[in-house]
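Summary of structural features
Next come the chains, spelled out residue by residue.
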Amino acid sequence: GAITRLKMVLYDGEPLKETQLITHDFFSTGNGRPSMWALFGDKILLGPLPPSAVKSLTLYFYREPAILVTPIDIPDVPNRFRGYLADFAAAQQLLADGRDAQYYLNSYEAGVQRYRHWAYERGRSNAKQVLNEME
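No experiment lies behind these values; they were computed from the predicted model shown.

Moving on to the nonpolar core. Note that soluble globular proteins tend to have their nonpolar side chains buried in a common cluster. Residues L6, V9, Y11, L16, W37 and L46 constitute the largest nonpolar core, which totals six residues. Per element, the largest residue contribution to this core is three residues, and it comes from strand β1 (residues 3–11). Non-local contacts of L16, meaning those with residues more than four positions away in its chain, are made with V9, Y11, P34, S35, M36, W37 and L46. By size, the runner-up hydrophobic cluster in this structure holds five residues, among which are V77, F81, Y115 and A119.

Structure below.
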């Protein structure tokens, strides 16, 4: 799924502060150890000094769950929230038949809110799964 928001950026294991480009003259001359990060389009900028050495960069982020396409796809959604997917499917089937689906739609919307709260409020200690690495 698409990345919706960055939660934290670690440079060589140490957290960097988020800054907005509009409030900071981001790049200074020379290089050194960055202390801040900012998003610019689809790029992550480190500054105010660009890194002087190759170090690990760890990103903690939120992303939308991947879309299920085939019957064998496994949802990214944790098990405790998967029942809400069934509520959505049941609501869609009832709507296609021209029947009232409000009960299932309400259940699905409540589940979406619970999932968002769970996903956005988790601490750093709960985000341990590494999906990709790059150097």
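On to a nonpolar patch on the surface, then. A cluster of nonpolar side chains, namely L57, L59 and F61, defines an oily patch on the protein surface of about 210 Å² accessible area. Within the fold, F61 resides in strand β5 (residues 57–63).

It is worth spelling out unusual backbone geometry at this point. In the Ramachandran plot, D12 falls in the positive-phi region, its phi being about 55° despite a non-glycine side chain. With respect to the secondary-structure elements, D12 resides in the loop between β1 and β2 (14–18).

In this section: the packing of aromatic side chains. In this structure the tally under the stated criterion is five aromatic pairs. Note on F81 and Y115: the rings are 5.4 Å apart at their centroids and 85° apart in plane angle, and the pair reads as edge-to-face. Of this pair, F81 sits in the loop between β5 and α1 (82–96) while Y115 sits in helix α2 (residues 102–121); the two residues are 34 residues apart in sequence, bridging distant segments of the chain. Given the relative accessible area of 8%, F81 is considered buried. Of the residues examined, Y115 reaches a relative accessible area of 19% and is grouped as buried.

Conventions and cut-offs
Residues numbered from 1 in each chain as written. Predicted model: local features only at pLDDT ≥ 70, side-chain atom pairs only at ≥ 80, totals over all residues. Heavy atoms only, no water. Core = buried A, V, L, I, M, F, W, Y, C linked by side-chain atoms within 4.5 Å. Buried < 20%, exposed > 50% of the residue type's maximum accessible area, 1.4 Å probe, protein only. Helix = DSSP H or I, 4+ residues; strand = E, 2+ residues; numbered from the N terminus. Contact = heavy atoms within 4.5 Å. Patch = residues over 30% accessible without salt bridge, like charges linked within 9 Å, V, L, I, M, F, W, Y side chains within 5 Å. Areas by Shrake-Rupley, 256 points an atom, 1.4 Å probe, with all protein chains shown as cover. Salt bridge = Lys/Arg side-chain N within 4 Å of Asp/Glu carboxyl O. Phe/Tyr/Trp six-rings, centres within 6.5 Å; stacked < 30°, edge-to-face > 60°.

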